[in-house]
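Here are the chains, one letter per residue:
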Amino acid sequence: MIKQVRCTLSVVALTLLASACSSYTPPPNGVVEKLYDFDHKVHYEQIKYNDDHYYLQLKSDSYQHFLQQSVFLLRHSQRLCQGSLPQLVLIAGVQSFDRLPTYPRPYEPDLQVEVRCVQKP
């Protein structure tokens, strides 16, 4: 009896896990998708225009975090293009870099980038 209950619970747990994994459907093209990357701790918005054209807006939170955002942008662009070459057009939010600033840094805008996937030559 106990073995049967454990087996039933395992089947239920696996079914719930499988349905949770398969329940994500990407939004239609042109719709803003708000996401979070746990590895780089980046909040961002993504718009997919088609399989080769995306718009990303990384939320600005601190000057120190900008390096992580930049690395995330390069890695995420590579992932979006799936074997093609990512071509990045920076629209806004590129921060200046001062080794030892003598004045407070102003608020920086979100990093906004257009990503196009270009076929390898």
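Just so you know, these numbers come straight off a predicted model, no measurement behind them.

*Asks:* Just to check I follow, could you spell out the pairing of strand E3 (residues 53-58) for this structure?
*Replies:* Working note: regular strand, side chains alternate between the two faces of the sheet. With 6 of its 6 residues buried, E3 lies for the most part within the structure. Residues His53, Tyr55 and Gln57 point to one face of E3 and Tyr54, Leu56 and Leu58 to the other, with burial holding for every one of them. Between strand E2 (residues 42-50) and E3, which follow one another and run antiparallel, lie 2 residues. Alignment of E3 against strand E5 (residues 111-118), held across 6 bridges, turns out to be antiparallel. Bridge pairing in E5 places Tyr55 opposite Glu114.

*Asks:* Is there a simple way to explain the packing of aromatic side chains in this structure?
*Replies:* Per the stated rule, a full pass over the model turns up 2 aromatic pairs. The interplanar angle of 85° and the centroid separation of 4.8 Å between the aromatic rings of Tyr36 and Phe38 together place this pair among those described as edge-to-face. A centroid spacing of 4.8 Å and a plane angle of 50° characterise the contact between Tyr44 and Phe72, whose relative ring orientation is tilted. Pair noted here: Tyr44 is in strand E2 and Phe72 is in helix H2 (residues 66-81), with a separation of 28 residues, a long-range link. For Tyr44, a relative accessible area of 7% corresponds to the buried category.

*Asks:* Is there a simple way to think about the sheet that holds E5 in this case?
*Replies:* The strand order E1-E2-E3-E5-E4 describes an open sheet built from 5 strands, whose pairing is antiparallel. The sheet is open, and its two edges are formed by strand E1 (32-37) and strand E4 (85-92), each paired on a single side. Pairs of neighbouring strands in the sheet enclose a mean axial angle of 25°, with direction left out of account. For E1 and E2, the ladder comprises 6 bridges, and the chain directions are antiparallel. If you follow Glu33 over to E2, its bridge partner there is Gln46.

*Asks:* Where do I start with the nonpolar core in this structure?
*Replies:* One broad rule of soluble globular proteins: the nonpolar side chains tend to lie buried together. If you look at the biggest cluster of nonpolar residues, it comprises 14 residues, and the most contacted ones within it are Tyr44, Leu56, Leu58, Leu73, Leu111 and Val115. Put simply, the parts of the chain that give this core at least two residues each are E2, E3, H2 and E5. With 5 residues, the top contributor of residues to this core is H2. When residues no more than four places from it in sequence are discounted, the contact partners of Leu73 are Leu56, Leu58, Leu88, Leu90, Leu111 and Val113.

*Asks:* Just checking my understanding: could you explain the pairing of E2 for this structure?
*Replies:* With antiparallel pairing between neighbouring strands as the criterion, E1 and E2 make up a hairpin whose turn holds 4 residues, including Lys41 at a positive phi of roughly 55°. By the bridge criterion, 6 bridges tie E2 to E3 in an arrangement that is antiparallel. Each bridged residue has a counterpart across the sheet, and for Gln46 the counterpart in E3 is Leu56.

What counts, and at which threshold
Residues numbered from 1 in each chain as written. Predicted model: local features only at pLDDT ≥ 70, side-chain atom pairs only at ≥ 80, totals over all residues. Heavy atoms only, no water. Buried < 20%, exposed > 50% of the residue type's maximum accessible area, 1.4 Å probe, protein only. Helix = DSSP H or I, 4+ residues; strand = E, 2+ residues; numbered from the N terminus. Pairing = 2+ DSSP bridges. Phe/Tyr/Trp six-rings, centres within 6.5 Å; stacked < 30°, edge-to-face > 60°. Axes fitted to C-alpha atoms, helices over the stretch in contact; angles between N-to-C directions. Core = buried A, V, L, I, M, F, W, Y, C linked by side-chain atoms within 4.5 Å. Contact = heavy atoms within 4.5 Å.

In short, the description is geometric, and any link to function would need to be established separately.
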